[in-house]
Amino acid sequence: MSKKNKNTEDVKDQVEEVLDTPVENTEKEEKEEVDVETKLKEELEKEKDKFLRLFAEFENYKKRTSKERLELFKTASQDVIQSMLPVLDDFDRASKEIEKSEDKDLIKGVELIHNKLKETLKGKGLVEVEVAAGDAFNADDHEAITQIPAPTEDLKGKIVDVIEKGYKLGDKVIRFPKVVTGQ
């Protein structure tokens, strides 16, 4: 072989080596880049999922606390109003007795005070539970004090008399009506 041929072959070998090496390295680098990219995408998806879950949990927390706060405001005065119910009952009984009086000014004055008390409590959310004699008795809505023989056949299992009025504060019953039922 001539020197020229040998040099040419050496150069070819060198060129092949140079060309082969970057091609192989490039493939490896591309595989590594794809693997790194895939890993980063997976991590990003995990972080997005964590963020969405945390955001949803926070939204639920906000809803729950605002609902609890509203409920607290509605029933915050429950103790005060419950302690006022006996006063309201006494006023009702006094009104019935004063109506028997001849003094019209006394009756009018007591009615004004009674109505003012009722309206004030109504403004705070107090609502009277409507119950009348002859209504069907329901153990979930009424408190039976006693049972008496029904005066008529149609009052059996029904309310005969209302002993004490019941009241609601908002949607919550704070005192059930006390009734007498017919047997």
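Residues numbered from 1 in each chain as written. Predicted model: local features only at pLDDT ≥ 70, side-chain atom pairs only at ≥ 80, totals over all residues. Heavy atoms only, no water.

The protein is annotated in an unreviewed UniProt entry as Protein GrpE of Aquimarina gracilis. As recorded by UniProt, the Subcellular location (unreviewed entry) comment attached to the protein reads in full: "Cytoplasm". The protein has a UniProt comment under Sequence similarities (unreviewed entry) that states "Belongs to the GrpE family." (UniProt positions renumbered as here; feature names shortened; annotations may be inferred.)

## Let's talk about the nonpolar core
In terms of nonpolar packing, the biggest core is built from nine residues, these being Ile 81, Leu 85, Leu 88, Leu 117, Leu 121, Leu 126, Tyr 167, Leu 169 and Ile 174. Counting residues per element, the ones that place at least two in this core are helix H2 (78–98), helix H3 (104–123) and strand S4 (166–169). Here this core gets three residues from one element, more than from any other, and that element is H2. (Core = buried A, V, L, I, M, F, W, Y, C linked by side-chain atoms within 4.5 Å. Buried < 20%, exposed > 50% of the residue type's maximum accessible area, 1.4 Å probe, protein only. Helix = DSSP H or I, 4+ residues; strand = E, 2+ residues; numbered from the N terminus.)

## Points about the sheet that holds strand S3 (residues 159–164)
The pairing of strands in a sheet happens through backbone hydrogen bonds and is either parallel or antiparallel. The strand order across the open sheet formed by three strands is S2-S6-S3, and the pairing between neighbours is mixed. At either margin of the open sheet sits one strand with a lone partner, and together these are strand S2 (143–148) and S3. In this sheet, neighbouring strand axes are inclined to one another by 25° on average, regardless of whether the strands run parallel or antiparallel. Looking at chain direction, S3 and strand S6 (residues 178–182) are connected through four bridges and run antiparallel. Its bridge partner being in S6, Ile 159 is matched across the sheet by Thr 181. (Pairing = 2+ DSSP bridges. Axes fitted to C-alpha atoms, helices over the stretch in contact; angles between N-to-C directions.)

## Examining the pattern of salt bridges
Counted under the stated rule, the structure contains 12 salt bridges. Overlapping salt bridges bring together Asp 89, Glu 164, Arg 175 and Lys 178 as one network. (Salt bridge = Lys/Arg side-chain N within 4 Å of Asp/Glu carboxyl O.)

## A short note on the sheet that holds strand S1 (residues 126–129)
Spatially, S1-S4-S5 is the arrangement adopted by the three strands of the open sheet, whose pairing is antiparallel. Only two strands of the sheet have a single partner each, and these edge strands are S1 and strand S5 (172–175). Sheet twist, expressed as the average angle between the axes of neighbouring strands with direction ignored, equals 40°. Alignment of S4 against S5, held across three bridges, turns out to be antiparallel. Bridge assignment links Lys 168 to a residue of S5, and that residue is Val 173. Contacts from H2 reach S1, S4 and S5 within the one sheet, and its direction differs from that of S5 by about 55°. (Contact = heavy atoms within 4.5 Å.)

## Examining H2
Between its first and last C-alpha atoms H2 spans 30 Å; for 21 residues at 1.5 Å apiece the expected length is 30 Å, and the two agree. Maximum bend of H2: about 30°, positioned at Leu 85, with proline Pro 86 one to four residues after it. Residues Gln 78, Ile 81, Leu 85, Leu 88, Asp 89, Asp 92, Ser 95 and Ile 98 constitute the buried set of H2. (Expected span 1.5 Å × (residues − 1). Bend = angle between axes of the 7 residues up to and from the residue.)

## Quick word on a negative patch on the surface
Together, Glu 30, Glu 32, Glu 33 and Asp 35 line one region of the surface with negative charge. Positionally, Glu 33 belongs in helix H1 (residues 3–75). (Patch = residues over 30% accessible without salt bridge, like charges linked within 9 Å, V, L, I, M, F, W, Y side chains within 5 Å. Areas by Shrake-Rupley, 256 points an atom, 1.4 Å probe, with all protein chains shown as cover. Lys, Arg positive; Asp, Glu negative; His and termini not counted. Charge placed at Lys NZ, Arg CZ, Asp CG, Glu CD.)

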